[in-house]
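Letter by letter, the chains look like this.
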Amino acid sequence: MRTRLIGLLVVLALIVAVAWQWRADESDARAHLLTALDPDTVSHVELILKGSPAQRFERHDGQWLTDGTRIADQGRADELASLAATPVATWNSASTFDEAKIGLAPPVAVLVLDGVRVEFGDMAALGKQRYAKVGDRIAFVPAQALPRAPRTASLPTHDSPAP
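Worth saying up front: this structure is predicted, and the values here are computed from it rather than measured.

The rules behind each value
- Residues numbered from 1 in each chain as written.
- Predicted model: local features only at pLDDT ≥ 70, side-chain atom pairs only at ≥ 80, totals over all residues.
- Heavy atoms only, no water.
- Helix = DSSP H or I, 4+ residues; strand = E, 2+ residues; numbered from the N terminus.
- Buried < 20%, exposed > 50% of the residue type's maximum accessible area, 1.4 Å probe, protein only.
- Areas by Shrake-Rupley, 256 points an atom, 1.4 Å probe, with all protein chains shown as cover.
- Polar contact = N/O pair within 3.5 Å; in protein donor to acceptor, adjacent residues only side chain to side chain.
- Contact = heavy atoms within 4.5 Å.
- Salt bridge = Lys/Arg side-chain N within 4 Å of Asp/Glu carboxyl O.
- Phe/Tyr/Trp six-rings, centres within 6.5 Å; stacked < 30°, edge-to-face > 60°.
- Lys NZ or Arg CZ within 6 Å of the ring centre and 35° of its normal.
- Core = buried A, V, L, I, M, F, W, Y, C linked by side-chain atoms within 4.5 Å.

On to the overall build of the protein chain. The secondary structure content of the protein chain amounts to two helices and nine strands. From first element to last, N terminus to C terminus, the protein chain shows the α and β order α-β-β-β-β-α-β-β-β-β-β. The burial tally for the protein chain puts 31% of its 163 residues in the buried class. Counting every atom, the protein chain has about 10,900 Å² of accessible surface; 60% of that belongs to carbon and sulfur.

A few words on the side chain of Thr-35. In this structure, Thr-35 sits in the loop between helix 1 (2-31) and strand 1 (44-49). For Thr-35, a relative accessible area of 8% translates into the label buried. A polar side-chain atom of Thr-35 sits 2.9 Å from the main-chain carbonyl oxygen of Ala-84. The contacts of Thr-35, once residues within four sequence positions are left out, are Ala-84, Val-116 and Val-118.

Between side chains of opposite charge, pairing is possible as soon as their charged atoms come close. Counted under the stated rule, the structure contains five salt bridges. Notably, a salt bridge pairs Glu-99 with Lys-133, separated by 2.9 Å at the nearest N-O pair. One end of the pair, Glu-99, is in the loop between strand 5 (90-93) and strand 6 (109-113); the other, Lys-133, is in strand 8 (residues 129-134), and 34 residues separate them in sequence. Glu-119 is the salt-bridge partner of Arg-117, the closest N and O atoms lying 2.8 Å from each other.

Let us look at unusual backbone geometry. Put simply, Ala-105 and Pro-106 share a cis peptide bond, and its omega is 0°. For Pro-106, the location among the structural elements is in the loop between strand 5 and strand 6. One non-glycine residue with positive phi stands out, namely Asp-61, at about 55°. Its location among the elements puts Asp-61 in the loop between strand 2 (55-60) and strand 3 (63-66).

Since its relative accessible area comes to 15%, Lys-133 is described here as buried. In terms of polar contacts, Lys-133 uses its side chain to reach the side chain of Glu-99, at 2.9 Å. Excluding anything up to four places from it in sequence, Lys-133 contacts Ala-94, Glu-99, Leu-104, Arg-117, Val-118, Glu-119 and Ile-138.

This brings us to the packing of aromatic side chains. In this description, an aromatic ring pair is defined by two values, namely the gap between the centres and the angle between the planes. Within the structure shown, the criterion is met by three aromatic pairs. Where Phe-97 meets Tyr-131, the ring centres are 5.6 Å apart and the plane angle is 70°; that geometry is what we call edge-to-face. With Phe-97 in the loop between strand 5 and strand 6 and Tyr-131 in strand 8, this pair connects stretches of sequence that are 34 residues apart. Ring centres of Tyr-131 and Phe-140 lie 5.1 Å apart, and the angle between their planes is 50°; on these two criteria the pair is classed as tilted. The burial state of Tyr-131 is the same as that of Phe-140; both residues are buried. Joined through ring pairs, the aromatic side chains of Phe-97, Tyr-131 and Phe-140 make up one cluster. Just above the ring of Trp-91 sits the side chain of Arg-137; from NZ or CZ to the centre is 3.7 Å.

Attention now moves to the nonpolar core. Counting residues in each nonpolar core, the largest one holds 25 residues, and the members touching the most others are Leu-34, Val-45, Trp-64 and Leu-111. When residues of this core are traced back to their parent elements, those giving at least two are strand 1, helix 2 (74-82), strand 6, strand 7 (116-123), strand 8 and strand 9 (137-142). With near-sequence residues (within four places) excluded, Leu-111 lies in contact with Val-45, Glu-46, Leu-47, Leu-80, Leu-83, Val-116, Arg-117, Val-118 and Phe-120.

Function-wise, these values are silent; they only describe arrangement.
And the structure:
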């Protein structure tokens, strides 16, 4: 009976230790994301890219809209919202950089997710990373974490008579 009790206590201690470690790992993982926002709960997205008109998206009843009434490209809006959970390699104080030298003055792109402003800069000199500024901190994020330009009208594919 005594060995069963000791075995049960050991198993219980292991379960508590695993739960504690899981909680600590989850907290540490959140610290290494670009924002604390959950992409699935983002309801307002604004994007400003150099050379493109500003874009705004609002989520109403699970559907993305532009201009408050027009149905938006759902994939595009979801893609922009997903940038909230971009993994961060390292965080640094903005005061340690000259923002003009890293493409943040002015930024290449500005993404505002539920009021959280993310500014995207140039590629970093080493590795496949780019600079991203949130508040007074600058992060190194994967190079592909830059919002893409909106789709444009495609060129006609039919043959037209020569002039």
